[in-house]
Amino acid sequence: MSQIFSSGTNSLARMSIVIGVVALAGVGGALFELIADSTYATRQGDAREQPIPFSHAHHVGSMGIDCRYCHTSVENSDWSVIPPTKTCMNCHSQIWINSPTLEPVRESFRTNQSIRWTKVYDLPDYVYFNHSIHVKKGVGCETCHGRIDQQPLTYQQPSLQMRWCLDCHRNPEQHLRPRDQITTMGYVPSEPQAELGARLVKEYHVQKLDTCWTCHR
Amino acid sequence: MSENSDSLNLTSIRTKLDKAKGAGYWRSLDELASVEGFKEFLHREFPRQASEWIDDEGRRNFLKIMGASLALAGLSACTRQPTEFIMPYVEAPEQAIPGKPLFYATAFPVSGIASPVLVEAHEFRPTKVEGNPEHPASMGATDVQAQASILGLYDPDRLQTVNYIGEVRSYPSFLSSFVNILARQQGNQGSGIRILTETVTSPTLYGQMQDVLKLYPDAKWYQWEPTGHGRRMGSQIAFGKYLNPIYKFDQADVVLSIDGNFLGNGPGGVRYARDFVSKRIMRDGATTQSRFYAVETTPTSTGCKADHRQAIKPSEVSGFLQGLTASLNNSAASGPLANSKFYSALVKDLQAAKGRSIVIAGEDQSPEVHARVHFINEMLGNNGHTVVFTQSLEAKPVDQWADLQALVTDLHSGQVELLVIMGGNPVYSAPPELNLRGAIQMAKTRVRLGEHDDETSEICQWNIPMAHAYEAWSDAPAYDGTVSIIQPLIAPLYGGKSAHELLSAFTETPEKSSYLSVRDYWTAKHTGADFETWWKHSVHDGFVRDSAPPAVSASASLAIPRTAIGPAAGSGYDISFHSDPYVLDGRYANNAWLQELPRPITRLTWDNAVLVSRKTAAELKVEDEDRVAIDSNGHTVWGAITVLPGQPDGSIALSLGYGRTRSGRAGNGAGFDVYPLRSASNPYYARGASVRKLGEKFKLAPVQHHFAMEGREPVHAGTIDEFKQDPYFSEKKSELPPKGLTIFPDTWKYEGYAWGMAIDLTACVGCSACVVACQAENNIAVVGKEQVLNTREMHWIRIDRYYKGEPDEPDMYFQPVACVQCEQAPCEVVCPVAATETDAEGLNNMVYNRCVGTRYCSNNCPYKVRRFNFLLFSDWETESTKLQKNPDVTVRSRGVMEKCSYCVQRINYAKITAEKEDRKVRDGEIVPACAAACPSQAIMFGDLNDPKSRVTQWKRHSLNYSLLAELNTRPRTTYLTEIRNPNPEVGKSEKDS
């Protein structure tokens, strides 16, 4: 009876182990990248549930309220700040005073308990982002937060991955706009972005900061 | 801290030591004798299994768990971040911008003396203490205790509820039963009431106390604290009245300190360090220095800075001063040390500097010594010039020992119905012969206001949690009498009450707040027109302007009462008692930052020790870590030996404040209690003590050898004569590699900012305020004694203490070392994941989120400044301490390397502020936490590309040198050589005896 396997099969068997391991690692790596970059992991585009279905589309888009009416410290602090209940009540003690949707706001004001908003743009704790300097350097709200005036429920526009941050930190001229257009939604530059950006980089003294301690510490 | 076989084997090492005389700088006797254990510290990064797995779970178990974790490890990056929430204000408070800290001026009193501070609050959560730059006692700097006070605030072991014999009660229920107790006292004028407090300096509290005593005229108020009597009673003896001496070190050309530890420690220590150093630094073209003599019963950080230091037994101090008094009168010299060159030089220098010298006695010295020192200052014409006096800062200065005796007598007479103990911990610290524990229990009702459930609380029925200084309104004077209004930063975390509130409970307004008490006092006191404006200014500034009492003239006489003379001679050893430099009399024993902070000279953490000289150790046949029993005052205590160069022969130094049994999880079991050895009649030192070797060992945790550097003279020091002869003498000691010698491409030019630091070793007084400031600012974890023994302490700055010269009477030097931010950093090239990188401004970035914990970087760091989180050292569990964390710095987890960042969060903050104002960062705008805390301004930080910046000017000085310059790492932190001013007549190598 002849042998089923020739002696060359040994080499084949050994090779298949190596190839198998490499392939597995490759598949694992690809899977990792796939999941890490997926909108499931980054929560990109994920409209989070909130205690009150607050609509930026209504307040910004329809009413035309400036971003800084509520996000008061965007020009001078790390945080743009979620407004205190009092800010809501400035208007809503006059209009929609009986709306059941707004009951959590009134309750907060009555009981002196904070409204518990879900954080939409949530950077990891080892990332230190400062709103005020970005605004000062000509980065518009829209650049990171997208067309907030068209979002009935707020979702995370970009991936917020480090490579997304670095895209702009390394090539800021592609994203800058004049300071008087910071809060504009749907901004269209009046001149080619490349020229405008290059000019603003100079004018606003924009640096290409991509060292670790710029954001991590 | 080496294995027994390596440690100080006396005979062999002594022969080695004798041969080693005249060596350069050394850290310890072990190093001098080249003990094997020390070499291990030098050559290995983390010796003795610091890097090995030696913890409770076995290695096998570890692998089992890790097997599963490793399989899943790759998936961790795929998971989503947990959802977080934002809780905005309902109504935004005035001035508060979320994300921007606010600073409030207040004060932190220690034994009634205020440290004026600014407290940083993030969203009304106090996180960090800075000095109050406008206050003359601080000028922006702080001491160790003030820095650590923030942890004291969040101490999870504080008493958290009112309780009555162990049952939780409410404060109102206390008040209602208190009213009943008081009602019984109203008929007999309060003759059954006794109140025991610590030293009271608060004007408001004194006013309230007088009101209480008016309501209950026969009630009695006693004050007692275990330390600080010498200063109080010394002025009483010398001047016939209680006076507060203030020293003008910036005007003194010659300083003699008798055990004084005035540089950065004790009342006025922060200002004194600054003034003293102003006469010592060689920057700004100075060509002269003051001269500093120290006579000490045990080495202190202050004594280390002396040009000439002499160890002396505590029983000889009085004789030495008597001899000195005679010599200054040109009589024949006699007494201890009188035949030494040290002595003749000292006398000559003092006589030549009449009216321009200072003689100062230590806080732990006896009233007699203080009185004699006052008299010597008078003879030298210093009083009124370099030493000025004001009335005592205490509201009612008394002989506190007499007060304590009187209280015990009252208690024994059985007439005490109500005993109220506010603060302090007398049961722990009182001399044993008074049996205070038994006596207190004779009082019918015992009420205690205390921060902790401590030894005294244990025997009191009513325990009221005491509010921390940052939780209640009060007032207190600084060392010069300038009164600070203490404002709270946060509502009491545990419902604490202040002494003001408890005293109000005696009156018709039992629930009066401390705010109203303080404000009412100052309303009555204020004479000007607009009280409201004045009050707002005073609270805002943190102190009442022009409130320092005027100087009073006083003339000292030398009539020492018999009762003040020290104990009779006996055969045996002297014992000198010292407050611990950090936990003081034991009041801060539960502050883990202070426990883990290495003592300046012994470098001990978490313990006190029996300090003996090499000769005494030989006599006793003991070596380091031998447990001994000490018999004195009819009592015995047990402690471990530390052989300390610079300790006088025949005398043992013991520090108070240890051996607490009910202080909390940090203080319990740390060290041994030496209070039983202190007698009421002579609490300053003892004679005729016997010491018995017990034949067992006790592990101490000194950081003596941890992170020892190998190389050419880390510390550079010289004399002022050397400096005058050749200003560049120090630079010549370093072996500088030629400029182009590097394999790295030398292309980056650092054209923007180039951050750098300079540390003036002449100015550094070794007080360690920087270490605690750094710990608070950068969320640095405490690791505990076990882990310190494994060389795993996490401090980003260490203050190396070097000896030089004679093994028994060495010169001592301090050198703070943190990451020096090498431009060509050895750590970077070995990191496999690029988690540490030099950035465009020359900072050596350490990126926690990239670090995978190979520890190659710290293995390659010649300065040994990197710290690794071997375990989860950061406390992620305790709710209260979470509030203390600086939100601008990551709290590190296990397996991550960390190190000094030059406080990059402050750099970034300043850069962002400057950019928003379209300007460059100004010089002095960025002050790292260490530099801000430093009382003597020894640390300067700034932009090296700015030719006008102060740090550039420091670095241009001829005394500037780089640590381990021969390694060509191009460190951004450099040092200025320490310059001292020894008297040439004493002679360097001459040994006095």
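Residues numbered from 1 in each chain as written. Chains lettered and ligands numbered in written order. Predicted model: local features only at pLDDT ≥ 70, side-chain atom pairs only at ≥ 80, totals over all residues.

(A) View of the overall build of chain A. Along chain A, the regular secondary structure elements total 11 helices and 1 strand. Sequence-ordered secondary structure for chain A, helices as α and strands as β, is α-α-α-α-α-α-β-α-α-α-α-α. The globule rule puts the C-alpha radius of gyration for 217 residues at 17 Å, and the 25 Å found for chain A is more than 25% above it. For chain A, the C-alpha atoms occupy an extent of roughly 100 × 50 × 35 Å along the three principal directions. Each of the 217 residues in chain A was classed as buried or not, and the buried ones make up 20%. Look at the contacts in chain A between residues 6 or more apart in sequence, and 72% of them connect residues 24 or more apart. (Helix = DSSP H or I, 4+ residues; strand = E, 2+ residues; numbered from the N terminus. Rg over C-alpha atoms; globule rule 2.2 N^0.38 Å. Buried ≥ 20, exposed ≤ 12 C-beta atoms within 10 Å, placed from the backbone. Contact = placed C-beta atoms within 7 Å.)

(B) Up close: the pairing of strand β32 (residues 811–817) of chain B. All names here are of chain B. Taken across its 7 residues, β32 has 7 buried, putting it largely inside the fold. As paired strands, strand β31 (residues 798–804) and β32 are joined by 7 bridges and run antiparallel to one another. When the sheet's bridge partners are listed, Tyr803 is paired in β32 with Met812. Connecting the antiparallel pair β31 and β32 is a turn made up of 6 residues, with Gly805 showing a positive phi of about 90°. (Pairing = 2+ DSSP bridges.)

(C) Summary view of the confidence of the model for chain B. All names here are of chain B. With 92% of its residues at a pLDDT of 70 or more, chain B shows a mean pLDDT of 88. Note on residues 1–8: pLDDT is under 50 here. Beyond four places in sequence and across chains, it has 21 contacts. Taken as a whole, residues 989–993 scores under 50 in pLDDT and shows 9 contacts with residues more than four places along the chain or in a different chain. Predicted as a complex, the structure gets a pTM of 0.90 and an ipTM equal to 0.90. (pLDDT = per-residue confidence, 0-100.)

(D) Representation of the sheet that holds strand β14 (residues 357–361) of chain B within the structure. Residue and element names in this part refer to chain B. Pairing is parallel across the open sheet formed by 4 strands, whose spatial order is β13-β12-β11-β14. In this open sheet, the two strands that pair with only one neighbour each are β13 (308–311) and β14. Neighbour-to-neighbour, the strand axes of the sheet open up by a mean angle of 10°, direction not taken into account. (Axes fitted to C-alpha atoms, helices over the stretch in contact; angles between N-to-C directions.)

(E) Focus on the interface of chain B and chain A. Every contact between the two is made by 36 residues of chain B and, on the other side, 40 residues of chain A. Of all the secondary structure elements, the ones that give two or more residues to the side of chain B that touches chain A are β2 (85–86) and α28 (904–916) of chain B. Looking at which element gives the most residues to the side of chain B that touches chain A, the answer is α28(B), with 5 residues. Across the side of chain B that touches chain A, the residue classes break down as 18 nonpolar, 9 polar and 9 charged. Strand direction decides the pairing type here: strand β1 (residues 117–118) of chain A and β2(B), joined by 2 bridges, are antiparallel. Each bridged residue has a counterpart across the sheet, and for A:Thr118 the counterpart in β2(B) is B:Phe85. (Nonpolar A, V, L, I, M, F, W, Y, C, P; charged D, E, K, R; others polar.)

(F) The packing of helix α5 (residues 85–92) of chain A against helix α6 (residues 103–111) of chain A, seen in detail. Residues and elements named next belong to chain A. The interhelical angle for the contact between α5 and α6, taken along N-to-C directions, is 115°, at an axis separation of 10 Å. In this structure, the crossing between α5 and α6 has a hand that is left-handed. On α6, the residues that touch Thr85, Cys88, Met89 and His92 of α5 are Val105, Ser108 and Phe109. In terms of residue class, the contact of α5 with α6 is built from 4 nonpolar, 3 polar and no charged. (Left-handed = near helix turned anticlockwise from the far one by under 90°.)

(G) Spotlight on the nonpolar core. In this structure, B:Val610, B:Ile652, B:Cys770, B:Ala773, B:Ile797, B:Cys930 and B:Ile939 are the most contacted members of the largest nonpolar core, which totals 266 residues. In this view, B:Cys770 contacts B:Ile797, B:Pro816, B:Cys930, B:Ala933, B:Cys934 and B:Ile939; residues no more than four positions away in its chain are not counted. A:Val135, A:Val139, A:Ile182 and A:Val206 belong to the second-largest nonpolar core, a separate cluster that totals 11 residues. (Core = buried A, V, L, I, M, F, W, Y, C linked by C-beta atoms within 7 Å.)

(H) Examining the sheet that holds strand β30 (residues 755–760) of chain B more closely. Residue and element names in this part refer to chain B. The 4 strands lie next to each other as β37-β30-β39-β38, forming an open sheet whose pairing is mixed. Sheet topology places β37 (939–943) and β38 (960–962) at the edges, where each strand pairs with a single neighbour. Taking each pair of neighbouring strands and ignoring which way they run, the sheet shows an average axis angle of 30°. As paired strands, β30 and strand β39 (residues 973–976) are joined by 4 bridges and run parallel to one another.

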